[in-house]
Amino acid sequence: MKKTLLLLSSLVVSATFTFSATAQSYLPEFENAKVKVRSVQEPGAYAFPLKDIRLLDSPFQQAMERDAHYLLELEPDRFLVRFRENAGLKPKAKIYGGWEQAGVSGHSLGHYLSACALQYASTGDARFKKKVDYIVDELALCQQLRKTGYVGGIPKEDSIFADIAQGKIHSAGFDLNGGWVPWYTIHKVMAGLLDAYLYGDNVKAKDVVVKFADWTNNLTKKLTEDQMQTMLACEHGGMNDALVNVYAITGDKKYLDVSYRFHHRQVLDALSQRKDQLTGKHANTQLPKIIGCARRFELTNDAKDQTIADFFYQTVLQHYTYVNGGNSNFEHFGEPDKLSNQLSHQTSETCNTYNMLKLNRHLFSLNPQASYADYYERALYNHILASQNKETGMVCYYVPLQMGGKKEFSTPFESFWCCTGSGMENHVKYGESIYYRGKDGSLYVNLFIPSQLNWKEKGVTIRQETRFPESDTTRLFIQSAKTISFPLRIRQPKWISGAMQVRVNGTAIPEVHADANGYVVLTRPWKNGDRVEVVMQKSLYTEAMPDNASRLAVLYGPLVLAGKLGQTITDPVYGVPVLVSNPQDLLASIQPVAAEPLTFRTNHVGKPADVTLVPFHQLYDQHYSVYWDVFSQQGWVERQAAYEAEKKLQREIEERTTDVMRIGEMQPERDHQFKGEKTHAGDAMGRKWRDATDGGWFSFEMKVAADVPHSLYCTYWGSDSGNRVFDIFVNDVKVATQELENNNRNHFIEVPYPIPVNLTKGKQSVVVKIQAHAGKTAGGLFGCRMVKQ
């Protein structure tokens, strides 16, 4: 049995969108006095204020409590160290480790400020309001001392921005004038300030962010279009988005005008023409730009911005998305619809799904369709909830979909990756998409999460009680001082098995059917004490890879099921079992385990052994597999020997590999201490490459095992030719000279270079250097691997 990869909606003709890549989505609310510029078009559905929704006991509330505990452990002064130093003030604490000690110090402060504001809105807990107010006071003081409107904690920020103001701009993609993505960090801080104002009720935050926007205007107003586009080649977060939101809260059009300066034409122009040129691009670099365009469309009705947002959203969901709702492998988009061989320990970056859900919410807001909520539910359970450690509250950078993979979580005070920051926010805002108010005064129930809605406009409280997804039933209880009429719209999920059953005050509604938008609509006068009971039967089904019908995942309702593989994978051949069954018999061979809710086990189809399947979001401390290779009985007879040999070879190579360098990608290059001169990076055939020209070079460190002979395997494109001659050095000793001259047309080639053992003796790492001959080109290099001989 096979179902479509994801439950997708049709292309939206027009949409209402909002806010940021790194902060709360500013969906239109029915009334919000803080927003001065309203949507040009009336939304089809309005978001409820987060403060009017309270979670009840469930895995989501438990995840929120773990996150809240962590937020209280963190110390604002440790995030503020470089902000105070750069303003001439003495720090009050020691700076946090990891990325905070690197060139993006400050990005975590923005996320933390957003998370505390969101937790305050979600619970009313004054401890988080206190943290918001303290941070804003500190930033206001630093800004006052700087006297320019700027406030930041970026190393070398003064020289970076002084050169930009003079039009001196150079970037290799993730660095700008020697700084690591400075605009990206600025966006995080501005987004945090906007959240502090809108969700943390801190008026001073508005003043600080407006002055910050004025500084941005003054810094960039003399730059030419070409200079701006050169600058935007460096990841810059959602600067366009932040500036549009400053426009929204002030009504001053100059901030809208500045947002257009941050319109990255290299990426956005193709999308505006409905051209998919995402292959090879860093995924989460693009998402903030798209959300910025979406927000601008909401406030301006700019058709080009609308097309960019719609086309990007549909393209990513239809062609680049895995079964858990996530996307990207090693942070990049691969080739569309070719996901089967893009499974690794770095699939589905969590920030990406955090952002995709924002875009999803805005599309729903204009055109409320159940298909949007179907995707939202899928990604919420199987990526966002699945990204948190159930014991520690720590979060994943990536949620691996590698067969036999295992999740790696952040540390409390040292990691501070981008996804640590978005992870701070993810788990304190689960209330935001459960309910919506229809433009006709109706109530949409999108998610089946235990919660209570205080619908102040109607004077009604809606309490949802459920043990879903363990149970098939959810119950809605209505409390109201007076009888009131409104349509109640309950999503009929795409995964439902059979018809939805609905009872009102115990009486069954006959012939329940969803409307054209996927909702069962109950319109009647509602009085205090009314209750609605909804039964949605779940069943097992499978979803196959778009490019491999025999590699598939197993689902139960909205839940992706994962096979439990234990603390270690010991099988020397398979690693991960395969499933051998004729297609029509596979689902029947997967049986529920008695007295263990949401737990299943294969029955005599697993080779070399059967497996137990549980919801993916429950696993955090052992190896697992989400995707399975499935063979028919006859197919297994024909393929068994070759399959086992292939798997054995893959495992041997992995065991012998001491390091892999993914050249041309930001994080791997920083992790490997990349350096270079006259070097350039790009993408082709779905992979990143790097070269150097006319005597130029680039170098990086690679791990080795001391006293063991190694070979360096380098990957090239076999069609490269024309003056491509270069030397390869290890610790400044030349180990090879390579010439590329149509070595194997239209194929990648992997060339091994043996390394003398004396170069690795007693060492944990070596420096690999690729240097072009004079007048020649080195590479393109598409990656390399250090392998024990």
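As a starting point, this report considers the structure included with it. (Residues numbered from 1 in each chain as written. Predicted model: local features only at pLDDT ≥ 70, side-chain atom pairs only at ≥ 80, totals over all residues. Heavy atoms only, no water.)

### A few points about the overall build of the protein chain
Here comes step 1: Helix and strand counts for the protein chain stand at 19 helices and 34 strands.
Here comes step 2: The globule rule puts the C-alpha radius of gyration for 789 residues at 28 Å, and the 27 Å found for the protein chain is close to it.
Here comes step 3: If you line up the protein chain on its principal axes, its C-alpha atoms span 85 × 75 × 50 Å.
Here comes step 4: Here the analysis covers contacts within the protein chain between residues at least 6 apart in sequence; of these, 73% occur between residues at least 24 apart. (Helix = DSSP H or I, 4+ residues; strand = E, 2+ residues; numbered from the N terminus. Rg over C-alpha atoms; globule rule 2.2 N^0.38 Å. Contact = heavy atoms within 4.5 Å.)

### Here's the deal with helix 13 (residues 283-300)
Here comes step 1: Here helix 13 is 18 residues long and its end C-alpha atoms lie 26 Å apart, about the 26 Å a rise of 1.5 Å per residue gives.
Here comes step 2: Most of helix 13 is tucked away, with 17 of its 18 residues classed as buried.
Here comes step 3: Just downstream of helix 13, Asn301 is the residue with a positive phi angle, here 65°. (Expected span 1.5 Å × (residues − 1). Buried < 20%, exposed > 50% of the residue type's maximum accessible area, 1.4 Å probe, protein only.)

### What to know about unusual backbone geometry
Here comes step 1: Of the consecutive residues Lys607 and Pro608, the connecting peptide bond is found in the cis state with omega at 10°.
Here comes step 2: Here Gly779 and Gly780 are connected by a cis peptide whose omega angle stands at 5°.
Here comes step 3: In this model, Asn301 sits at a positive phi of 65°, which is unusual for a non-glycine residue.
Here comes step 4: Tracing the backbone through its elements, the reader meets Asn301 in the loop between helix 13 and helix 14 (303-319).
Here comes step 5: Not every positive phi belongs to a glycine, and Glu331 is a case in point at roughly 75°.
Here comes step 6: Of note, Glu331 is situated in the loop between helix 14 and helix 15 (350-366).

### Details of the sheet that holds strand 5 (residues 435-438)
Within a sheet, each strand pairs with its neighbour through backbone hydrogen bonds, oriented either parallel or antiparallel.
Here comes step 1: The sheet built from five strands is open, its strands ordered 1-5-6-10-13 with mixed pairing. Looking at the sheet topology across the chains shown, the edges are occupied by strand 1 (45-47) and strand 13 (519-526). Direction aside, the axes of adjacent strands within the sheet are offset by 30° on average.
Here comes step 2: Direction of pairing for strand 6 (residues 443-445) relative to strand 10 (residues 484-491): parallel, over a ladder of three bridges. When the sheet's bridge partners are listed, Tyr444 is paired in strand 10 with Arg489.
Here comes step 3: Against the sheet, helix 15 makes contact with strand 1, strand 5, strand 6 and strand 13, and its axis sits at roughly 140° relative to strand 1, the strand it touches most.
Here comes step 4: The strands touched by helix 16 (residues 370-384) are strand 10 and strand 13; relative to strand 10, the strand with the most contacts, the crossing angle is about 55°. (Pairing = 2+ DSSP bridges. Axes fitted to C-alpha atoms, helices over the stretch in contact; angles between N-to-C directions.)

### Some remarks on the pairing of strand 9 (residues 473-480)
Here comes step 1: As paired strands, strand 8 (residues 460-466) and strand 9 are joined by seven bridges and run antiparallel to one another. By the bridge assignment for strand 9, Glu465 is matched with Arg475.
Here comes step 2: Inspection of the sheet shows strand 9 paired to strand 14 (residues 531-535) by five bridges, in the antiparallel sense. Counterpart to Leu476 in the pairing with strand 14 is Val532.

### Examining the packing of aromatic side chains
Here comes step 1: Inspection of the entire model under this criterion finds 41 aromatic pairs.
Here comes step 2: Taken together through their ring pairs, the aromatic side chains of Tyr150, Phe161, Trp183, Phe212, Trp215 and Phe262 make up a single cluster.
Here comes step 3: Above the plane of the ring of Tyr184 lies Lys188, whose end atom (NZ or CZ) is 3.2 Å from the centre.
Here comes step 4: Lys358 extends its terminal NZ or CZ atom over the ring of Tyr354, reaching a point 4.3 Å from the ring centre. (Phe/Tyr/Trp six-rings, centres within 6.5 Å; stacked < 30°, edge-to-face > 60°. Lys NZ or Arg CZ within 6 Å of the ring centre and 35° of its normal.)

### Focus: the pattern of salt bridges
Here comes step 1: The tally for this structure, following the rule as stated, stands at 39 salt bridges.
Here comes step 2: Where Lys527 meets Asp530, a salt bridge forms, and the shortest distance between an N and an O atom there is 3.1 Å.
Here comes step 3: Overall, Asp530 belongs to the buried group, its relative accessible area being 1%.
Here comes step 4: Through salt bridges that share partners, Arg84, Lys92 and Glu138 make up one connected network. (Salt bridge = Lys/Arg side-chain N within 4 Å of Asp/Glu carboxyl O.)

### Looking at the sheet that holds strand 8
Here comes step 1: Read across the sheet, seven strands follow the order 2-7-8-9-14-11-12 without closing on themselves; strand pairing throughout is antiparallel. Of all strands in the sheet, those bounded by a partner on one side alone are strand 2 (53-55) and strand 12 (507-508).

### Concerning the packing of helix 10 (residues 239-250) against helix 11 (residues 253-261)
Here comes step 1: Viewed as axis vectors pointing N to C, helix 10 and helix 11 meet at an angle of 170°, and their least axial separation amounts to 7 Å. When the interaxial angle is binned, helix 10 and helix 11 end up roughly antiparallel. Taken together, the residues of helix 11 that come into contact with helix 10 (itself represented by Asn240, Leu243, Val244, Val246, Tyr247 and Thr250) are Lys253, Tyr255, Leu256, Val258 and Ser259.
Here comes step 2: For the contact of helix 10 with helix 11, the per-class residue count stands at seven nonpolar, three polar and one charged. (Parallel < 35°, antiparallel > 145°, perpendicular 65-115°, else oblique. Nonpolar A, V, L, I, M, F, W, Y, C, P; charged D, E, K, R; others polar.)

### Remarks on the environment of Lys253
Here comes step 1: Along the polypeptide, Lys253 turns up in helix 11.
Here comes step 2: Sequence separation of Lys253 and Val37 is 216 residues, and the distance between their C-alpha atoms is 9.9 Å.

### Quick word on the pairing of strand 32 (residues 765-772)
Here comes step 1: The two faces of strand 32 differ: Val766, Val768, Ile770 and Ala772 on one face are buried, but Ser765, Val767, Lys769 and Gln771 on the other face are not.
Here comes step 2: With five bridges connecting them, strand 29 (residues 724-730) and strand 32 associate as antiparallel partners. By the bridge assignment for strand 32, Phe726 is matched with Ala772.

### Looking at the packing of helix 4 (residues 107-123) against helix 5 (residues 126-146)
In a packed pair of helices, the relevant descriptors are the angle between the two axes and the axis-to-axis distance.
Here comes step 1: Running from N to C, helix 4 and helix 5 cross one another at 145°; their axes reach a closest spacing of 8 Å. Of the two elements, helix 4 crosses helix 5, and the hand of that crossing is left-handed. Residue-level inspection shows Leu109, Tyr112, Leu113, Cys116, Ala117, Gln119 and Tyr120 of helix 4 in contact with helix 5, the latter providing Phe128, Lys129, Lys131, Val132, Ile135, Val136 and Leu139.
Here comes step 2: Looking at side-chain class alone, the contact of helix 4 with helix 5 contains eleven nonpolar, one polar and two charged residues. (Left-handed = near helix turned anticlockwise from the far one by under 90°.)

All we've got here are geometric facts, nothing functional implied.
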